[in-house]
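Reading the structure
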Amino acid sequence: PRRPPGGPPPPPPGGGYGGAPQQNNMMRSPPPGGMGGPPPPPGGMGGPPPPPGGLGPPPPRPGGFVPPPPPGGMGGHPPPGRMQPPPPGGAGGPPPPPGQPQQMAPPQMMSPGQGPPNMMAPPAGQPQPSGPPGPGGPFGRPSGPPGPGGPSGMQSGAPAPFYPSGPNQSPAGGPPPPGAAQHSGPAGMQPGAPMNQHGMPPGGPQPMGQQGQQMFQENVDLSIQVPRRLMRTTVGKIPTTASMATSAKVAMGAVIRPMGPPAADEDDVDVVQPGAAGIVRCKRCRTYINAFVTWLENGRRWRCNICAQLNETPSAYFCHLDEEGRRRDRLNRPELSKGCVEFVAPSEYMVRPPQPPSYFFVIDVSATAARSGALKSVAAAIKNSLDDLPGGTRTQIGFITYDNGVHYYSLKSGLSNPQMMVVGDLKELFVPAPDDLLVNLQDSRDVVEGFLDNLPDMFSKNTVAQSCLGPALKAAFTVTKHIGGKMCVFQSVLPTLGDGALKPRENVRVMGTPEESKLLRPSMNWYKDTAVEFSRAQISVDMFLFPYAYIDVAALAMLPKLTAGSLHTYVAFDPATDGPRLESELSKGLTMNTAFEAVMRIRCTKGMRISNFYGNFFIRGTDLLALPNCNSDSVFGFDLVHDEQTVNSSVVTIQSALLYTSSAGERRIRVLTQALPTTPLSSELMASIDTEAMCNLLSKQAIEMTLKQNLDTARQRLQQTCVDIIKCAKAGDKRTVSGYTAPPPPGGGGGGGDDQDKPIPENLKLLPLYTLALVKNKALRGGTDVHPDERVQAMNTLGAMWVTQSKNYIYPRMFSIHDMDPSAGLPSVDSVKVDDKSLSTA
């Protein structure tokens, strides 16, 4: 059929609005009687009853528009989830007599400045509005078919969420709790209450049109922030467009320390025990419920702030909204009122039952380790940490030593002394008595302490100078693969026996040249492949190196890099000075708060994406970080870039979720959710930069660039980024015409010469200083005075540092020396303990 000029477009095939019927996307029809009143007459809202024979299709008229029959046939009822078409003539108008064609109401035109008609139809019993219906019809639905997103209106170009105005219409998610008043429309508004043109309450979120797309104006509380000890973003505001972000040259992203300890004046993370509704998550992107979601339909639905999906609220989680569209119980629910929360995970979040904390020590006992005193210091440090190991009575412990063979130790409870078993065949390696090599610490405490006391004397006269690190790692993996845990490896010489044997490749002639980057990359993949197997078995490796010569740290560092461990190097180990440091770092790594069997995923709002991750981890798939251990010092960074040209939301949300097993054997999920407003102004973007956090992220980017390219490229990138940011900050906001930068108006400021005289913004004054200090740090500086092993250690240290630590690492703290005690800086005879608190506040 043809469409008359100016008439409405024909509906798509299938009847209704936009194709095939969709279940649970629209409101059900109201029950007879509405909100306690009498049932409406069959003819609609106040109209006479229909003629005999039902509402059959009217005969066509020349040039007229014939609507297609409904899916249920002529005179049938519309499918579930569809609204019945309005009665001819508008709400309250009489139907046409039988045999006459149905008249279509002409669209109502609005003059500029005229607001849209009220989208809420008055309930039965109230005066009906006179005149033809508005452009959306008496039901307030926008004219035309919905976009690809369906009635939810989440896709680009789709209409806003639709709220039927009939009395007592409840969503598919179910009615409110018994005894609660039933309302229609969003935010508990009464029928007939004013609504805006998008079917939303005046205080609720409003979609703003921009470049033919919908931009959701979120109404969120930006005062809710993730504690700065857990997450630091490089910017406080996100550019609205990708072109603005490109021109600003700002490194957008964040640095996360999910298990960061609270300060003395801070509260610990709130723990939430899920109720009957379980953990509420988005059904599309699996985002966890948080304080920045938008509640609709008086709390019966909520819109995800990551993917904009509409989700039904479980009946056990339902609560009414206040006059501002927020849940009335939000202050009683930490997940709705705080940026950081921890859920107690139910059984469906467990692949296997939580395992007890396990600590396995792989110790080099070659001649170098015994003579240097490293072996004695290691044994003393482990013994002093036994009382503070997490897990209580569940803690497991085991030991393996190695030189040119692998030595196993049976620590079975009841033995007076540990039993040592030596396997010298490195090709046919096997594990004797595997059940007695990993024992319960509480049951075998006496045997373990006796072993640690005798360990230095057992190998004090060892003359074997070689080391078989690879076979020892394979043996330790066989013992611990069923339980996972933490593995501490102590190495003093270059491993030259068995699997994983390395060859010296130190070359002084390439130091200080672009070819030096080859020495910073591993020479073989054996340690990388082994680390991946360890990660899959939930084993984390902390490596302690005591080199007196070249040891190829670049290859050995792959073990802690991919297993979420840490790397520590003690060059030319001296027990007097390095012993206390070793004991302190080893004790801290063993006793700090640790998350076992952890995985972490980071999500961000549609229109943005996470491009790169930094830190020690192994990526499963594309965005799942596998973390066998995650402790208080575990730090991760990521880059945030535009995935689309324009961000269709006024707020960008970043959410990280860490699923882990606590040392007490409880499965938990720590969720950090941070909301950042968007801005179209370059000046606001520059004013929101966190210089310290951005320098930390830039250092991690420079390290990755060094390994992929060379040191010169990384240093030039740092310098150019600093220059571009300062230049853009001085230039301020640019005037644009049709998307292109236009020259300043005559007589106006903003010329190129004026930018040079403008001061650097206050928050960026230290950026050049930190950049210069970073370029001169031994991790990135040029020259031939930095040994490759030393540089790799510095790069691993800087890449795993938190924001405040990296600031002090690249730009050291200053202390006055004119008023210091004469013995300051010298080894103390009585004590070697350092007051960390006094240093941190200096």
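Keep in mind that what you see is a predicted model, and the values were worked out from it rather than measured. (Residues numbered from 1 in each chain as written. Predicted model: local features only at pLDDT ≥ 70, side-chain atom pairs only at ≥ 80, totals over all residues. Heavy atoms only, no water.)

**Some details on the overall build of the chain**
The line we're drawing: Secondary structure elements follow DSSP: runs of H or I no shorter than four residues count as helices, runs of E no shorter than two count as strands, and numbering proceeds from the N terminus. Classification of residues uses two cut-offs on accessible area relative to the type maximum, computed with a 1.4 Å probe and protein chains only: under 20% is buried, over 50% is exposed, and between them is partly exposed. Contacts are assigned to residue pairs with any non-hydrogen atoms lying within 4.5 Å of each other. For the accessible areas, the method is Shrake-Rupley and the probe is 1.4 Å, while residue cover comes only from the protein chains on display.
From N to C terminus, the chain includes 18 helices and 27 strands. Burial statistics for the chain: of 842 residues in total, 49% are counted as buried. If you take every contact in the chain between residues at least 6 apart in sequence, the share linking residues at least 24 apart comes to 74%. Accessible surface, the chain: about 38700 Å² in total, of which carbon and sulfur atoms supply 54%.

**Some remarks on the sheet that holds strand β3 (residues 231-233)**
Under the convention used in this document: Note on pairing: DSSP must find at least two bridges between two strands before they are called paired. Inter-axis angles, ranging from 0 to 180 degrees, are taken between N-to-C directions of lines fitted to C-alpha atoms, where helices are fitted over the stretch in contact.
Strand order in the open sheet made by the four strands is β3-β5-β23-β20, with antiparallel pairing throughout. Two strands bound the open sheet, and with one partner strand each, they are β3 and β20 (608-614). Averaged over all neighbouring strand pairs, the angle between strand axes comes to 20°, with direction disregarded.

**A word on the environment of Val493**
Inspection of the secondary structure puts Val493 in the loop between β16 (485-491) and α7 (526-536). Taking the relative accessible area as the measure of exposure, Val493 reaches 13% and is therefore buried. Those residues in contact with Val493, other than ones at most four positions away along the chain, are Asp364, Ser366, Thr368, Ala465, Ser467 and Ile551.

**Points about unusual backbone geometry**
Despite not being glycine, Asn298 shows a phi value in the positive range, around 60°. Examined against the element boundaries, Asn298 turns out to sit in the loop between β7 (294-296) and β8 (301-303). Positioned with a positive phi, Gln538 is a non-glycine residue whose angle comes to about 65°. Here Gln538 is to be found in the loop between α7 and β17 (539-545).

**A look at helix α13 (residues 711-731)**
Residues three or four positions apart in an α-helix share a direction because the helix packs 3.6 residues into each turn. Counted only if it meets this: Here a helix's expected span is defined as the number of its residues, less one, multiplied by 1.5 Å. Each polar contact in these results corresponds to two N or O atoms within 3.5 Å; when the atoms are within protein, one needs to be able to donate a hydrogen and the other to accept it, and residues that are neighboring in sequence are counted only if both atoms are side-chain atoms.
The terminal C-alpha atoms of α13, which comprises 21 residues, lie 31 Å apart, in line with the 30 Å expected from a rise of 1.5 Å per residue. A side-chain oxygen of the first residue of α13 lies 3.2 Å from the backbone nitrogen of Asp712; this N-cap is Asn710. Once α13 ends, the next one or two residues include Gly732, with phi positive near 75°.

**Concerning the pairing of strand β22 (residues 624-631)**
When you tally the buried positions in β22, you get eight out of eight residues, the bulk of the element. Sheet topology places strand β19 (residues 594-604) next to β22; seven bridges connect them, and they run antiparallel. Within β22, the position partnered with Arg601 by the bridge is Leu624. Alignment of strand β21 (residues 618-620) against β22, held across three bridges, turns out to be antiparallel. Each bridged residue has a counterpart across the sheet, and for Ile619 the counterpart in β22 is Leu625. Count of turn residues in the β21/β22 antiparallel hairpin: three residues, of which Gly621 carries a positive phi of about 75°.

**Observations concerning the packing of helix α6 (residues 469-480) against α7**
This is how it is decided: Geometric relationships in this document are graded by angle, where less than 35 degrees denotes roughly parallel, more than 145 denotes roughly antiparallel, 65 to 115 denotes roughly perpendicular, and other angles denote oblique.
Viewed as axis vectors pointing N to C, α6 and α7 meet at an angle of 10°, and their least axial separation amounts to 12 Å. In terms of axis orientation, α6 runs roughly parallel to α7. Residue-level inspection shows Leu469, Gly470, Leu473, Lys474 and Phe477 of α6 in contact with α7, the latter providing Trp526, Tyr527, Glu533 and Phe534.

**Some points on the sheet that holds β8**
Taken in spatial order, the three strands make up an open sheet running β7-β8-β9, and their pairing is antiparallel. The sheet is open, and its two edges are formed by β7 and β9 (310-312), each paired on a single side. Pairwise comparison of adjacent strand axes, ignoring direction, gives a mean angle of 30° for this sheet. Note: β7 against β8, three bridges, orientation antiparallel.

**Description of the packing of helix α4 (residues 374-385) against helix α10 (residues 578-591)**
Just so we agree on the cut-off: Crossing handedness follows the turn of the near helix against the far one: under a right angle anticlockwise gives a left-handed crossing, and clockwise gives a right-handed one. The residue classification treats Ala, Val, Leu, Ile, Met, Phe, Trp, Tyr, Cys and Pro as nonpolar and Asp, Glu, Lys and Arg as charged. All others, Gly included, are polar.
Viewed as axis vectors pointing N to C, α4 and α10 meet at an angle of 40°, and their least axial separation amounts to 9 Å. It follows that α4 is oblique to α10 by the angle criterion. Pair α4 / α10 crosses with right-handed handedness. For the pair α4 and α10, contact is made by Ser377, Val378, Ala381, Ile382, Asn384 and Ser385 and by Gly579, Leu582, Glu583, Leu586, Ser587, Leu590 and Thr591, respectively. Residue classes in the contact of α4 with α10 are distributed as six nonpolar, six polar and one charged.

**With respect to the side chain of Ser699**
Along the chain, Ser699 falls in helix α12 (residues 691-708). Within the structure, the side chain of Ser699 is placed 2.5 Å from the backbone oxygen of Asn696, a separation counted as a polar contact. Not counting the four nearest positions on each side in its chain, Ser699 is found in contact with Leu774 and Leu798.

**Thoughts on the environment of Arg328**
If you trace the backbone, Arg328 turns up in the loop between β9 and α2 (334-337). The sequence separation of Arg328 and Gly299 amounts to 29 residues, and the corresponding C-alpha distance is 9.7 Å. Here Arg328 is in contact with Cys319, His320, Leu321 and Asp322, once residues within four sequence places are set aside.

**Points about the pattern of salt bridges**
Inclusion rule: Counted as salt bridges are all cases of a side-chain nitrogen of Lys or Arg within 4 Å of a carboxyl oxygen of Asp or Glu.
Summed over all chains, the structure comprises 36 salt bridges. Measuring nitrogen to oxygen at the nearest pair gives 4.0 Å for the salt bridge that ties Glu704 to Lys561. Here Lys561 lies in helix α9 (residues 558-562) and Glu704 lies in helix α12, a separation of 143 residues in the sequence. On the basis of relative accessible area, Glu704 is assigned to the partly exposed category, the value being 23%. Connected through shared salt-bridge partners, Arg228, Arg232, Asp690, Glu692 and Lys807 make up one network.

**Observations regarding the packing of aromatic side chains**
Our working rule: Each pair of aromatic rings taken from Phe, Tyr and Trp, with Trp reduced to its six-membered ring, is defined by centres within 6.5 Å and is described as stacked if the planes are under 30 degrees apart, edge-to-face if over 60, and tilted in the remaining cases. Note on geometry: a ring has a charge over it if NZ (lysine) or CZ (arginine) is within 6 Å of the ring centre and within 35 degrees of the ring normal.
Scanning the entire structure with this criterion turns up 14 aromatic pairs. Among the aromatic side chains, those forming a connected cluster through ring pairs are Phe361, Phe399, Tyr409 and Phe451. One residue, Arg281, lies across the ring of Tyr288, its end atom 4.1 Å from the ring centre. One cation-aromatic arrangement involves Arg327 over Trp295; the distance from NZ or CZ to the ring centre is 4.7 Å.

**Examining a nonpolar patch on the surface**
Definition in use: Patch construction takes residues with relative accessible area above 30% that form no salt bridge. Like charges are linked within 9 Å, and nonpolar side chains (Val, Leu, Ile, Met, Phe, Trp, Tyr) are linked within 5 Å.
Side chains of Met420, Val422 and Met458 sit close together on the surface and give an oily, nonpolar patch of about 260 Å² of accessible area. Positionally, Met420 belongs in strand β14 (residues 419-423).

**Re the nonpolar core**
For clarity, the cut-off: Throughout this description, the term nonpolar core refers to a set of buried Ala, Val, Leu, Ile, Met, Phe, Trp, Tyr and Cys residues connected via side-chain atoms within 4.5 Å.
Val250, Met487, Val489, Tyr527 and Leu627 are the most contacted members of the largest nonpolar core, which totals 113 residues. Membership of the second largest hydrophobic core comes to 34 residues, among which are Val378, Ala379, Ala381 and Phe544.

**Describing the pairing of strand β10 (residues 340-344)**
The buried fraction of β10 is high, at five of five residues. Side-chain alternation along β10 places Cys340, Glu342 and Val344 on one buried face and Val341 and Phe343 on a second face that is also buried. Where strand β6 (residues 270-272) lies against β10, three bridges are found, and the strand directions are parallel. Looking at the pairing, Val271 lines up with Glu342 of β10. Both β10 and strand β25 (residues 667-679) contribute to a ladder of five bridges, which runs antiparallel. Bridged to Val341 within β25 is Val671.

**Quick look at the state of the cysteines**
Counted only if it meets this: Two cysteine sulfurs form a disulfide in these notes if their separation is within 2.5 Å.
Summed over the entire model, instances satisfying the criterion amount to zero disulfides. Among the cysteines around Cys304, which has no disulfide bond, Cys285 carries the closest sulfur, lying 3.6 Å off. Cys304 sits in the buried class, given a relative accessible area of 2%.

**A closer look at helix α5 (residues 445-458)**
Formally: One axis fitted to the seven residues ending at a residue, another fitted to the seven starting there: the angle between these axes is the bend at that residue.
In this model, α5 (14 residues) spans 20 Å end to end at C-alpha, consistent with the 20 Å of a helix rising 1.5 Å per residue. By the largest-angle criterion, Leu452 marks the main kink of α5, which is about 25°, and a proline, Pro456, follows within four residues. Taken together, the buried positions of α5 are Val447, Val448, Phe451, Leu452, Leu455 and Pro456. In this structure, the buried residues of α5 make contact with β11 (358-364), α4, β12 (396-402) and β13 (406-410).

Purely spatial values, then, with no claim about function.
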